[in-house]
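An overview of the molecular structure
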Amino acid sequence: MTTSFFTVVIAIIQKDLQAELRSRELIATMLLFALLSVLVFSFALELDRVAEEQAVSGVLWVTIVFASLLGLNRSMAIESDNASMDALLLAPINRGAIFMGKLISNFLFTFTVGVLLLPLMTLLFNMNLLTSWLWLVLLLGTLGICITGTLLATMAIQTRAPSAILAIVQLPVALPILLGAVISSNGIIAETPFNTWQAWIQILAVVNLIYLVLSFLMFTYVIEE
């Protein structure tokens, strides 16, 4: 008898969260990298206020995307090392449910890092990054990165150098997401008129939807290889 879709999704999320609460390895690694990256950029841009204002959104998203690569690699490596993925594939469950469960888990971890980054960068760069629109962009951008990253990390983990492969394939695929996130973040931080950047948020949402559908459909074939 096949287990229901949502039961599988919830079970995978609970498993990942419980494993992280016990080890605190994944979040700690991502946070340490994010903290060091932001500190380096902060010191490098400290003497040029204009450059700092122009670069802050880029710093935010570069930090998030590379922290997410660390998290995605580690998340899938744990599944591979513990043979958890093999067990899931042997179970009579929907393969799409595995994707959704891992996607939501990865999103929660990455979004947590982003949530902690905004107040930190507000203090370091002396800018208000705690606006409601920026929170929305953070949510959409992080979700898009995790949608493509979850699928590609599943493919990369089957290679000899998963970390390098994931970075090589993820960055070009996530480029439309990063473009929308950076441009809309720039507009929000610089307080430019709403109509100059609101279209990029809509584009970001549409790209996320397209990537979600494609990744969901492709995951079954990727995981069976």
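Let me begin by describing the structure that accompanies this report. Since we're looking at a predicted model, the values are computed, not measured.

The secondary structure content of the chain amounts to nine helices and zero strands. For 225 residues, the compact-globule estimate of 2.2 N^0.38 gives 17 Å, and the chain sits close to it at 18 Å. Principal-axis analysis of the C-alpha atoms gives the chain an extent of 60 × 35 × 30 Å. In the chain, the proportion of contacts linking residues at least 24 apart, taken out of those at least 6 apart, comes to 81%. As presented, the chain carries roughly 11200 Å² of accessible surface, and 70% of it is formed by carbon and sulfur atoms. Computed over 8 positive and 13 negative side-chain charges, the separation of the two mean positions in the chain equals 10 Å.

With that settled, consider the environment of Gln54. Mapped onto the secondary structure, Gln54 falls in helix H3 (residues 49-81). Overall, the relative accessible area of 59% leaves Gln54 in the exposed class. Distance from Gln54 to Gln14, taken between C-alpha atoms, is 40 Å for residues 40 residues apart in sequence.

What follows concerns the environment of Ser184. Take Ser184: it is sitting in helix H8 (residues 175-190). With 18 residues separating them along the chain, Ser184 and Leu166 place their C-alpha atoms 26 Å apart. The residues touching Ser184, leaving out its near neighbours within four places in the chain, are Val137, Trp197, Trp200 and Ile201.

The tally for this structure, following the rule as stated, stands at eight aromatic pairs. Plain terms: the ring middles of Phe107 and Phe111 are 5.3 Å apart, the flat faces sit at 20 degrees to each other, and that makes the pair stacked. In this pair, Phe107 and Phe111 are both assigned in helix H5 (residues 95-125), four residues apart and thus about one turn of the helix distant. The interplanar angle of 50 degrees and the centroid separation of 5.3 Å between the aromatic rings of Trp133 and Phe194 together place this pair among those described as tilted.

Attention now goes to the packing of helix H2 (residues 25-45) against H5. Remark: H2 packs on H5, axes separated minimally by 10 Å, with the N-to-C direction vectors making an angle of 25 degrees. Classified by the interaxial angle, the pair formed by H2 and H5 is roughly parallel. Relative to H5, the crossing made by H2 is right-handed. Side by side, H2 and H5 meet where Leu26, Ile27, Met30, Leu31, Ala34, Leu35, Val38, Leu39, Phe41, Ser42 and Leu45 of the first sit next to Phe109, Thr110, Thr112, Val113, Leu116, Leu117, Leu120, Met121, Leu124 and Phe125 of the second. Here the contact of H2 with H5 is built from residues that sort into 18 nonpolar, three polar and no charged.

We now examine helix H1 (residues 5-23). Within an α-helix, residues lying three or four positions from one another point in the same direction, as the helix has 3.6 residues per turn. Counted at 1.5 Å a residue, the expected span for H1 with its 19 residues is 27 Å, and the 28 Å between its end C-alpha atoms agrees. Phi for Arg24, located one or two positions after H1, is positive at around 50 degrees.

Now for the layout of surface pockets. Approximately 240 Å³ is the volume found for the largest pocket. In this structure, the largest pocket is lined by 15 residues; those nearest its centre are Lys15, Asp16, Ala19, Glu20 and Ile78. Mapped by element, the contributors of at least two residues to the lining of the largest pocket are H1, H2, H3 and H5. It is H1 that contributes the most residues to the lining of the largest pocket, five residues altogether. Residues that form the lining of the largest pocket fall into these classes: four nonpolar, four polar and seven charged. Considering only enclosed or pocket space, the second largest pocket measures out at about 160 Å³ in volume. If you trace the second largest pocket, you find 11 residues lining it, with Ser80, Met85, Asp86, Ile157 and Gln158 closest to the centre. Every element with two or more residues in the lining of the second largest pocket is listed here: H3 and helix H4 (84-90). Split by residue class, the lining of the second largest pocket holds five nonpolar, three polar and three charged.

How each quantity is defined
- Residues numbered from 1 in each chain as written.
- Predicted model: local features only at pLDDT ≥ 70, side-chain atom pairs only at ≥ 80, totals over all residues.
- Heavy atoms only, no water.
- Helix = DSSP H or I, 4+ residues; strand = E, 2+ residues; numbered from the N terminus.
- Rg over C-alpha atoms; globule rule 2.2 N^0.38 Å.
- Contact = heavy atoms within 4.5 Å.
- Areas by Shrake-Rupley, 256 points an atom, 1.4 Å probe, with all protein chains shown as cover.
- Lys, Arg positive; Asp, Glu negative; His and termini not counted.
- Charge placed at Lys NZ, Arg CZ, Asp CG, Glu CD.
- Buried < 20%, exposed > 50% of the residue type's maximum accessible area, 1.4 Å probe, protein only.
- Phe/Tyr/Trp six-rings, centres within 6.5 Å; stacked < 30°, edge-to-face > 60°.
- Axes fitted to C-alpha atoms, helices over the stretch in contact; angles between N-to-C directions.
- Parallel < 35°, antiparallel > 145°, perpendicular 65-115°, else oblique.
- Left-handed = near helix turned anticlockwise from the far one by under 90°.
- Nonpolar A, V, L, I, M, F, W, Y, C, P; charged D, E, K, R; others polar.
- Expected span 1.5 Å × (residues − 1).
- 1 Å grid on protein atoms, 1.4 Å probe; cavity = no way out; pocket = protein on both sides within 12 Å on 5 of 7 lines; lining within 4 Å.
- Points joined across faces, edges and corners; volume = space filled by probe spheres on them.

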